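# Structural description and commentary
What follows is the residue order along each chain.
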Amino acid sequence: MPQQPDPRPTDLVVFGGTGDLSMRKLLPSLYLLDRDGHLVGDTRVIAVSRDGLTDADLRDKASSAVRGHSAVQVVEPEVLRRFRGRLSHVTVDVGGDPSGWEDLAAALTPGRDRVFYLAVPPMISGAICRGLRDAGLVTPDSRVVMEKPLGRDLASAQAVNDEVGAVFDEAHTYRIDHYLGKETVQNLLVLRFANVFLEPLWSSRWIDHVQITAAETVGVGGRRGYYDSSGAMRDMVQNHLLQLLCLTAMEPPASYDRDAVRDEKLKVLQSLRPISGSAVAEHTVRGQYTRGTVHGDEALGYLDEAGGPPTSGTETFVALRAEVANWRWAGVPFYLRTGKRMSHARSEIVIRFRDVPHTIFPGAATAPGAGSLVIRLQPDEGIHLTMLTKTPGAGALRLRPVPLELSFADTFATRSPEAYERLLMDVLAGDSTLFMRRDEVEAAWRWVDPIIEAWNGLGTAPETYPAGSSGPAGAQRLISRTGRMWHEEEQT
């Protein structure tokens, strides 16, 4: 694995710098990077918004954000003082009063690396980039960071990419998917390509199927207005789950290089068998949560959440069966599943190996849960390999599945960095390996668009499921149709 470039003192300019993402994720992560010595020299963070804040106002908001959302329990006063000193605020009304761009120009340090982080809706990304260019603020080494969602479909994603690409070339464009910053996701590459015993088993010959799940117990809350224009397919499947599928199914790259890795991920997306027309009803399930109980607390249904109309066909749950049509994976189903207001919050990849060709032990072939490799992203990051073993004791031979567990917290006795910590550090260092390339984003939309179009053509409402459940009944039918079951069902 190549050594990451050394970060240099940088002006990090965050558009939307006083918004929800900045306060919940970006500023607390930057504080932790400062604490751990990754904000080198006099690196500065310039928050840009229309709020008209003073620097002191911003620093007070940032202090509250760090105390309320930091991944560590103890905020160190000296580190916080140093971090506050890096912060400043500039008021810019994009498309309005041009004097804001002049104020931003005055705030930037000549000759220094510049990172422009667009923590804003994607429809104004182009206008911001044009404003930066017209104000002469884009230097040859400047980088731009874009948050999802990158469009609502292929056409809108291409439009956003074209607008931003007219100012920043692809090598300097960083499209964030925070799932790719999770410690376990990066360990998936190490697990596969640094351990010789696994790679011979990583194919249709030995793997029966793969499950990728991202389940949340929370609802949409105050995001109902946004979610009605998005839904689980655009919000989670098109980016997070397909990226996890790519890392699971990709061929070994020639090196751990940003384009070598992303080339192999692109090949997976291009190999996905299309789901369209009548196949959509057979291979996909949509759901929408209703009132229920989550961990003992009453939860509203989706249609009861504030900010949206009394009726909506927006899906809060998606399950689908995908296939990667190449030699390695031919015939192996990939079951993708995501939902809100589920019974448990978890993100995991489950590799279910085939049963042995011939068993000499009674009951071994039907033992539930045997032969599974579980890569847990959250909570409790770790890797669990379930194997069949003999139960101790005399008499009849009894077998049962037992996990061999690697808990990151227990093994390394250290805190794993938050996803945004890792990705922000990579941005500051100029390493784009864990960021999506334009052709990846657009290939994902090419696969997703026909599914959404078919749903719209069906004219049927999503299947309902009570909050606090495991999702709609259709998800169970989707996987049981071929005699399989979801991983958590195997554990009960």
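Fair warning: this is a prediction, and the values are worked out from it, not measured in the lab.

### Examining unusual backbone geometry
Here the residue pair Q378 and P379 is connected by a cis peptide bond, since its omega of -10° sits within 30 degrees of zero. Take P379: it is sitting in the loop between β14 (372-378) and β15 (382-390). You will see that H295, though not glycine, has its phi angle at about 50°, which is positive. Note on placement: H295 falls in the loop between β9 (292-294) and β10 (297-299). Judged by relative accessible area, which is 60%, H295 ranks as exposed. Backbone geometry at D380 places phi at a positive 55°, although glycine is not the residue there. With respect to the helices, strands and loops of the structure, D380 is situated in the loop between β14 and β15.

### Some remarks on the UniProt feature "binding site: NADP(+)" (unreviewed entry) in the protein chain
UniProt records the feature "binding site: NADP(+)" (unreviewed entry) at R50, D93, V94 and K148, using the numbering of this structure. In this fold, R50 is placed in the loop between β2 (44-49) and α2 (55-69). By relative accessible area, R50 is classed as exposed at 65%. If sequence neighbours within four positions are ignored, R50 has contacts with T91, V92 and D93. Secondary-structure assignment places D93 in the loop between β3 (87-91) and α4 (99-107).

### Section: the pattern of salt bridges
On inspection of all chains with the given rule, the structure shows 39 salt bridges. Residues E163 and R130 are paired through a salt bridge, measuring 3.2 Å at the closest nitrogen-oxygen approach. Separated by 33 residues along the polypeptide, E163 in helix α6 (residues 154-165) and R130 in helix α5 (residues 125-134) bring together distant segments of the chain. One salt bridge connects R477 with E463, and the closest N-O pair in it is separated by 3.7 Å. One end of the pair, R477, is in helix α15 (residues 473-480); the other, E463, is in strand β17 (residues 463-466), and 14 residues separate them in sequence. The structure contains a network of salt bridges with shared partners spanning D259, R262, D263, R437 and D439.

### Digging into the pairing of β2
For a regular strand, the rule is simple: side chains alternate between the two faces of the sheet. Among the six residues in β2, five count as buried, and that is most of the element. One ladder, built from five bridges, connects strand β1 (residues 10-15) with β2; its direction is parallel. Of the residues in β2, the one forming a bridge with F15 is V48. Here five bridges tie β2 to β3, and the two strands are oriented parallel to one another. Paired with V48 across the bridge in β3 is V90.

### Quick look at the packing of helix α1 (residues 20-35) against helix α13 (residues 419-429)
Running from N to C, α1 and α13 point in directions that differ by 70°, and their axes come no closer than 9 Å. In this view, α1 runs roughly perpendicular relative to α13, as classed from their interaxial angle. Where α1 crosses over α13, the two elements pack in a sense that is right-handed. Packed against α1, whose contacting residues are L21, K25, L26, S29, L30, L32 and L33, the element α13 presents Y420, E421, L424 and M425 at the interface. For the contact of α1 with α13, the residue count by class is eight nonpolar, one polar and two charged.

### Notes on the packing of helix α7 (residues 183-193) against helix α9 (residues 231-249)
The interhelical angle for the contact between α7 and α9, taken along N-to-C directions, is 15°, at an axis separation of 9 Å. By the angle class used here, α7 and α9 are roughly parallel. Note that α7 runs across α9; the crossing there is right-handed. Between α7 and α9, the contacting residues are V185, L188, L189 and R192 on the first element and L244, L247, T248 and A249 on the second. Split by residue class, the contact of α7 with α9 holds six nonpolar, one polar and one charged.

### So, the UniProt feature "active site" (unreviewed entry) in the protein chain
Here, UniProt's "active site" (unreviewed entry) annotation points to H240. Overall, H240 belongs to the buried group, its relative accessible area being 1%. The residues contacting H240, other than those within four sequence positions of it, are K148, D177, H178, Y179 and D235. Of the polar contacts made by the side chain of H240, one reaches the side chain of D177; its length is 2.5 Å.

Scoring rules and cut-offs
- Residues numbered from 1 in each chain as written.
- Predicted model: local features only at pLDDT ≥ 70, side-chain atom pairs only at ≥ 80, totals over all residues.
- Heavy atoms only, no water.
- Helix = DSSP H or I, 4+ residues; strand = E, 2+ residues; numbered from the N terminus.
- Buried < 20%, exposed > 50% of the residue type's maximum accessible area, 1.4 Å probe, protein only.
- UniProt positions renumbered as here; feature names shortened; annotations may be inferred.
- Contact = heavy atoms within 4.5 Å.
- Salt bridge = Lys/Arg side-chain N within 4 Å of Asp/Glu carboxyl O.
- Pairing = 2+ DSSP bridges.
- Axes fitted to C-alpha atoms, helices over the stretch in contact; angles between N-to-C directions.
- Parallel < 35°, antiparallel > 145°, perpendicular 65-115°, else oblique.
- Left-handed = near helix turned anticlockwise from the far one by under 90°.
- Nonpolar A, V, L, I, M, F, W, Y, C, P; charged D, E, K, R; others polar.
- Polar contact = N/O pair within 3.5 Å; in protein donor to acceptor, adjacent residues only side chain to side chain.

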